[in-house]
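Fold and geometry: a report
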Amino acid sequence: MTISKRRVGAIFRKELHEYRRNGNIIYAMLVLPLVFLIQPVVQVFTLSASASSGLRHEHSLLYLLAIPALVPAALAAYSLVGERLQGTLEPVLSTPVRREELMIGKALAAFVPAVVVSYFVFGLFVAIVELFAQPGIAPALVQGPELIAQVVFTPLLAIWSIWVGMAVSARTRDPRTAAQLSILVSLPTVAITSLLALGVIPAILPVAAGFGAGVLVLDRLGLRMATAIFDRERLVTSAK
Amino acid sequence: MALELEMSLAKPATASNEVRPADAALSVHGLTKRFGERVAYEDVSFDVGCGEIFGFLGPNGAGKTSTVRTLGTLIAPTSGSATVAGVPLTPENGETIRHRVAIMPETPGLYLRLSVEENLSCFADLYEVDDPADRIEHALRAVGLADRAKDACGSLSKGLRQCTALARALLSDPELLFLDEPTSGLDPAAARDVHDLIRELRRRGTTIFLTTHRLAEAEQLCDRVAILNRTLRTIGPPEELRDRMFAHTLVVRVRRPLSSPGPTFSSLPSVDAWQEDACGSYLLTVSDPDVAAPATTRALVAAGADVMSISESQHSLEDVYLEFVDTDKEVERS
C-alpha cells in the first residue's frame, strides 16, 4: 500500500490552519498542561533546601507525562466526529483520499502541537526549578534519566493517545462523548506514569524499558486498530 | 458569471432515451441499498450517456442521495452492479472511481475558518491535480469567485458557499459530476448562473448527474430525467414523459356558450373527446393538435361562434412528477 505524502500533507495543513483559527482549541491545548504544571510548581516552591536528599528518591518529573497522554486525546477525539457534525467530512471522503492517509494526516496534526506543548511545559517547569527553587532542589529534581524518559515517552504516549482518540471519534456521534471516552481510555497510561512518579512502581531501567516496549507495540497496533474501525459508510450515513 | 473553464472538449450530449453501453458514463443494473430493514432504494437500473445532463428526481426519502453516495463509492450497495466513469463499482475500485468523479453534496461542507483558496487548495492536493494554483484560479473564475479567493468561507453568503463547493467539484476536471441540489437556497439570479455553468460544463463534455427538487430546473437543463421513489418509477426525456402520460388538450374559449357543442366537436378530425370546462370554455382531447386546431377554428366559425382563443394546454414535468408521487402515496395509504 502506497501512502500519498501530498494527500497526508493536505489533511495535516488543513487541520493546523483550523487549529490556528479556532481559539477554543488553542485554549484547550494550553489550559490542561498548565493545570498539570501548578501542583509540581507549588510543591517546588514549598520545599526547603534540606528536602533535596529525599527528592533524589522521587520522580516528580514523570508526573508531567500525563500531558502527552491527555492533550492529543482531546484533539484526536474531535477530528472525525467534529467534521461529521460540520458536514465537512463527506466532501473529503468523496475524494481519492485513503482512510490511512486521512488518519495519518489527522494524527500528525494532533501529534505535532501536543508534543510541542508537552516539551514546552516540561521545559518551563525545569526552568522554574532551576531559577527559583531552593539550593539543592534543582539537581535533586532534574535528573538525567528522568529527562531522557520525558523526551522518549512524550511522543510514544502521544501517539497511543491519538489512535485511541481517533478510534473513539470514528464510532461516536457527539464530540463531547468522544472527548470524554478517549480521555477515559487514556487514563490507564496516566495511572502508570503517576504510579512511577509517586514511586509506587519503581522507576528503574528495566521497568522503563518494558513500559516503553509496551507503548511502542500499542502505537504500532493503534494505526491498524483505528483504520479498522474507520468505516466510510458509517461516517457518512451515521448508521449504527 | 464568467465561464472560462479550460477543459478538454468531448462528445456532445445525447438526448435519446436509450444509451448504448459503450457510450455510457454511468451504467446501473438492479442496484439496491438497504440499511438493515429499511430500503433506501431498490432494483434501480439506468444508463447515463457521456456528456448528458441526467436529472434524478424524487420526493424526500426517495433514495436519491443514497444512490449518489453509492455511485460515488461512499456507501456500498446491498446488491446489483454499476459501472461509474467506465470503472466497475467494487470496493477495490473506490479510489479509481473517486479520481474520475466529483460530488457536490447538498450542503457545501466548507471549512468555514479557512479561506476559499485554502479550501480549494486542500482539495486540489487530495485529488493530486497538476498545477493546483492554475486549476484553483480557473475553477474560481468559472463560478465568478476569483475576487473572493482570500475571504474566509464563513463570511460568504449561502449562495457563494454553494458556488465555492461547485468550484471545489470542478478542480479535478471530473468525467462525471454529481450535483445534489446545486441551486438549493440560491436566489433566482444565482440559480441562473449555476444553470449557465452546468450548460457550459455539458458543452465541454462533462456528464452531469443532477438531483433536484426544482422540476422546472430539471425540465430546462436535463436531456433525460428519472423519477425515483425507492424504485425507479419512470425515465426518459421530459417532453417524452409528458407525452407518454398526458393526452394533448386544446383549450377553446368562445364569447358565448355554444348552443349545441356536441355536433360541432364530435365530428372533427383528431378530436377524441370534449368536455365543457366553464361558461364558454371547452377542453378537447386531441391526438394531433396540428390537425385538430385549424379544424376546430373552422368548425366554430361555421357555427357562428366568436372565437376568443384556441390554445394547447401544456403539461409540465411537475405534472408528470406529481402523477407518480401521488399515485405512490395512494398505494401506500391503501
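Residues numbered from 1 in each chain as written. Chains lettered and ligands numbered in written order. Predicted model: local features only at pLDDT ≥ 70, side-chain atom pairs only at ≥ 80, totals over all residues. Heavy atoms only, no water.

A few points about the overall build of chain B
Under the convention used in this document: Elements are defined by DSSP. Helices are runs of H or I of four residues or more, strands are runs of E of two residues or more, and each kind is numbered from the N terminus. By definition, residues are in contact when any of their heavy atoms lie within 4.5 Å. For every accessible area listed, the method is Shrake-Rupley and the probe measures 1.4 Å; residues are considered covered only by the protein chains on display.
On a plain count of helices and strands, chain B comes out with 11 helices and 14 strands. Expressed along its principal axes, the backbone C-alpha trace of chain B runs to roughly 75 × 45 × 35 Å. Taking the contacts inside chain B whose residues are at least 6 apart along the sequence as the reference set, 70% of them involve residues at least 24 apart. A total of about 14500 Å² of accessible surface is found on chain B, and carbon and sulfur atoms cover 48% of it.

Re the sheet that holds strand β9 (residues 224-229) of chain B
Residues and elements named next belong to chain B. Where we set the bar: Paired strands are those between which DSSP finds at least two bridges. Interaxial angles span 0 to 180 degrees and are taken between N-to-C directions of axes, which are lines fitted to C-alpha atoms, for helices over the stretch in contact.
Here 6 strands make up an open sheet; going across it, the order is β6-β7-β8-β3-β9-β10 and the pairing mixed. The two strands at the open ends of the sheet, each matched to only one other strand, are β6 (101-104) and β10 (231-236). If you compare each strand with its neighbour and ignore which way they point, the axes differ by 15° on average. Of the pairings in the sheet, the one linking strand β3 (residues 53-57) to β9 comprises 4 bridges and is parallel in character. Looking at β9, one finds that G55 is bridged to V225. Docked against the sheet, helix α5 (residues 158-170) engages β6 and β7 (176-180), running at close to 170° with respect to β6.

Focus on the interface of chain A and chain B
Heads up, the condition is: Buried area: the accessible area, evaluated with a 1.4 Å probe, that two parts lose upon being put together, summed over both parts. One speaks of a salt bridge when a side-chain nitrogen belonging to Lys or Arg is within 4 Å of a carboxyl oxygen belonging to Asp or Glu. Think of a polar contact as two N or O atoms within 3.5 Å of one another; within protein, one of them needs to be a possible hydrogen donor and the other a possible acceptor, and neighboring residues in sequence only count if both atoms come from side chains. Each residue is assigned to one class: nonpolar for Ala, Val, Leu, Ile, Met, Phe, Trp, Tyr, Cys and Pro, charged for Asp, Glu, Lys and Arg, and polar for all the others, Gly among them.
Listed per partner, the contact involves 27 residues of chain A and 30 residues of chain B. Taking both partners together, chain A and chain B bury about 2800 Å²; carbon and sulfur atoms supply 55% of that area. Across the salt bridge formed by E128 of chain B and R7 of chain A, the nearest N and O atoms sit 3.3 Å from each other. Along the contact surface separating chain A from chain B lie 14 residue pairs in polar contact (both at pLDDT 80 or more). Top contributing element to the side of chain A that touches chain B by residue count: helix α1 (residues 5-21) of chain A, with 9 residues. For the side of chain A that touches chain B, the residue count by class is 8 nonpolar, 8 polar and 11 charged.

Observations concerning the environment of F246 of chain B
Residues and elements named next belong to chain B. Cut-off, in case you're wondering: Any residue under 20% of the maximum accessible area for its type is buried, any over 50% is exposed, and the rest in between are partly exposed; the area is computed with a 1.4 Å probe on protein chains only.
As for its placement among the helices and strands, F246 is situated in the loop between α8 (238-245) and β11 (248-254). Residue classification places F246 among the buried residues on the basis of a relative accessible area of 17%. The sequence separation of F246 and I136 amounts to 110 residues, and the corresponding C-alpha distance is 47 Å.

Observations concerning α5 of chain B
Heads up, the rule is: Under the convention used throughout, the expected extent of a helix is 1.5 Å for every residue step, that is, one less than its residue count.
Look at α5 of chain B: 19 Å from first C-alpha to last across 13 residues, which is about the 18 Å you get at 1.5 Å a residue. Burial of α5 of chain B is extensive: 10 of the 13 residues sit out of reach of the surface. Those residues of α5 of chain B that sit buried are G159, Q162, C163, T164, A165, L166, A167, R168, A169 and L170 of chain B. Where the residues of α5 of chain B are buried, they touch α5 (89-93) of chain A together with β6, α3 (116-126), α4 (132-142), β7 and α6 (188-203) of chain B.

As for the pairing of strand β4 (residues 79-84) of chain B
Residues and elements named next belong to chain B. Judged from the 5 bridges that link them, strand β1 (residues 24-35) and β4 form a sheet pairing that is antiparallel. Bridging across to β4, T32 finds its partner in S79. With 2 bridges joining them, β4 and strand β5 (residues 87-88) adopt antiparallel strand pairing. Paired with V84 across the strands is V87, a residue of β5. In this antiparallel pair of consecutive strands, β4 and β5, the connection spans 2 residues, and A85 shows a positive phi of 50°.

Section: a nonpolar patch on the surface
Residue and element names in this part refer to chain A. Cut-off, in case you're wondering: Each patch is built from salt-bridge-free residues with over 30% relative accessible area, joining like charges within 9 Å and nonpolar side chains (Val, Leu, Ile, Met, Phe, Trp, Tyr) within 5 Å.
A cluster of nonpolar side chains, namely I26, Y27, L30, V31, L34, V35, I38, V42, F120 and L124, defines an oily patch on the protein surface of about 900 Å² accessible area. If you list the elements that add at least two residues to the nonpolar patch, you get α2 (23-46) and α6 (99-132). It is α2 that provides the largest number of residues to the nonpolar patch, a total of 8 residues. By secondary structure assignment, the location of I26 is in helix α2.

Description of the sheet that holds β5 of chain B
Overall, antiparallel pairing links the 4 strands, which are arranged β2-β1-β4-β5 (chain B) in an open sheet. In this open sheet, the two strands that pair with only one neighbour each are β2 (38-49) and β5 of chain B.

Details of the environment of V44 of chain A
Residue and element names in this part refer to chain A. Within the element layout of this structure, V44 appears in helix α2. Placed 89 residues apart in sequence, V44 and A133 show a C-alpha to C-alpha distance of 6.2 Å. Each residue touching V44, except ones within four places of it in the same chain, is listed here: F125, V129, A133 and L141.

Examining unusual backbone geometry
All names here are of chain B. Phi is positive for T73, close to 65°, though the residue is something other than glycine. When you line up the elements, T73 lands in the loop between α1 (64-71) and β4. On the accessibility criterion, T73 (13% relative accessible area) is buried.

Describing the nonpolar core
Basically, it comes down to this: Throughout this description, the term nonpolar core refers to a set of buried Ala, Val, Leu, Ile, Met, Phe, Trp, Tyr and Cys residues connected via side-chain atoms within 4.5 Å.
Counting 134 residues, the largest nonpolar core has F125 of chain A together with L26, F46, L71, F178 and F209 of chain B as its most contacted members. Per-element tally for this core: the top contributor is α6 of chain A, with 13 residues. Grouped together as the second largest cluster of nonpolar side chains are 16 residues, V81, A149, L157 and L196 of chain A included.

Some details on the pattern of salt bridges
Residue and element names in this part refer to chain A. Following the criterion strictly, the structure yields 26 salt bridges over all chains and no others. Between K14 and E18 there is a salt bridge; the shortest N-O distance is 3.8 Å. With K14 and E18 both in helix α1, this residue pair falls 4 residues apart, about one helical turn. For the pair formed by K14 and E18, the shared burial category is buried.

This is a description of form; function is not addressed.
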